[in-house]
Amino acid sequence: MPKKHRIIFKETEKEEIIKNSDCCYIGMVDTDNNPYVLPFNFGYKDKCIYLHSGQSGKKIEILKKNNSVCVVFSTGHKISAQNKDVACSYIMSYKSVICYGKVEFIEEYDKKVEAMNIIMQQYTGKNFEYSIPSINNVLTYKVVIEEMTAKEFGNLS
Ligand SMILES: Cc1cc2nc3c(=O)[nH]c(=O)nc-3n(C[C@H](O)[C@H](O)[C@H](O)COP(=O)(O)OP(=O)(O)OC[C@H]3O[C@@H](n4cnc5c(N)ncnc54)[C@H](O)[C@@H]3O)c2cc1C
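Nothing here was measured: the structure is a model prediction, and the numbers come from that model.

Student: Hey, could you run me through the site of the ligand in this one?
Tutor: Close to the ligand lie Y36, L38, P39, F40, N41, H52, S53, S56, G57, K58 and K59, which account for all nearby residues. In the environment of the ligand, a nitrogen atom lies 3.0 Å from a nitrogen or oxygen atom belonging to the backbone of N41. For the ligand, a nitrogen atom lies 2.8 Å from a polar atom in the backbone of H52. Look at the ligand: alone it shows 860 Å² of surface, and the protein chains cover 48% of it. Those elements giving two or more residues to the shell around the ligand turn out to be β3 (35-40), β5 (48-53) and α2 (58-65).

Student: Is there a simple way to think about unusual backbone geometry in this case?
Tutor: As a rule of thumb, non-glycine residues mostly have phi less than zero, and peptide bonds are mostly trans rather than cis. Despite not being glycine, N33 has its phi angle at roughly 70 degrees, a positive value. Tracing the backbone shows N33 in the loop between β2 (24-29) and β3. With relative accessibility at 63%, the residue N33 sits in the exposed group. The residue D46 is not glycine, and still its phi comes out positive at about 50 degrees. Here D46 is to be found in the loop between β4 (43-45) and β5. Look at D46 and you get exposed, because its relative accessible area is 63%.

What counts, and where the lines are drawn
Residues numbered from 1 in each chain as written. Predicted model: local features only at pLDDT ≥ 70, side-chain atom pairs only at ≥ 80, totals over all residues. Heavy atoms only, no water. Near = heavy atom within 4 Å. Polar contact = N/O pair within 3.5 Å; in protein donor to acceptor, adjacent residues only side chain to side chain. Areas by Shrake-Rupley, 256 points an atom, 1.4 Å probe, with all protein chains shown as cover. Helix = DSSP H or I, 4+ residues; strand = E, 2+ residues; numbered from the N terminus. Buried < 20%, exposed > 50% of the residue type's maximum accessible area, 1.4 Å probe, protein only.

Nothing here speaks to function; it is geometry throughout.
Structure (structure tokens):
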């Protein structure tokens, strides 16, 4: 069966893949050059990926020293086979996006609320009210995207 292997150039199509993802994978590099990759919930708006977490942990220590990240989104996973008895005829269809960028921490109260709502919009499609302590306690940050590539792979049928 012919395969579709397509580089995606259209920004709107790349954003569609991001919007259809249920999480992203943030790749970081520590000061000893060791990679560290974590799954995250996210929100996306205007070429920025919004993230939230507790105030501490390994990821925060890394990001405060090296804010360069690589972020992966992937959707539409589907296994299919031309011949179910032939291992190499199995393929995984997918659409994926890779973003390169820099993390900026969001400190201002109103901007933190905005960041939380961008994340909540991704999962619920609506905005929320937040208590003051919950906003004060959460750490919010965004990846400002500098480069974004996208690819589609699958059966043409
Ligand atoms: C689908 C999904 C969505 C998530 N969304 C968020 C989010 O939006 N915000 C958020 O803060 N966290 C989220 N998490 C959890 C996140 O991936 C990390 O586990 C968490 O943030 C702690 O990371 P840390 O670097 O602070 O770990 P620390 O508490 O500092 O612990 C570091 C140690 O624990 C190990 N470790 C840390 N996390 C994981 C993990 N997930 N799996 C296996 N080993 C681990 C590391 O290898 C390291 O040895 C999500 C996890 C999943 C699976």
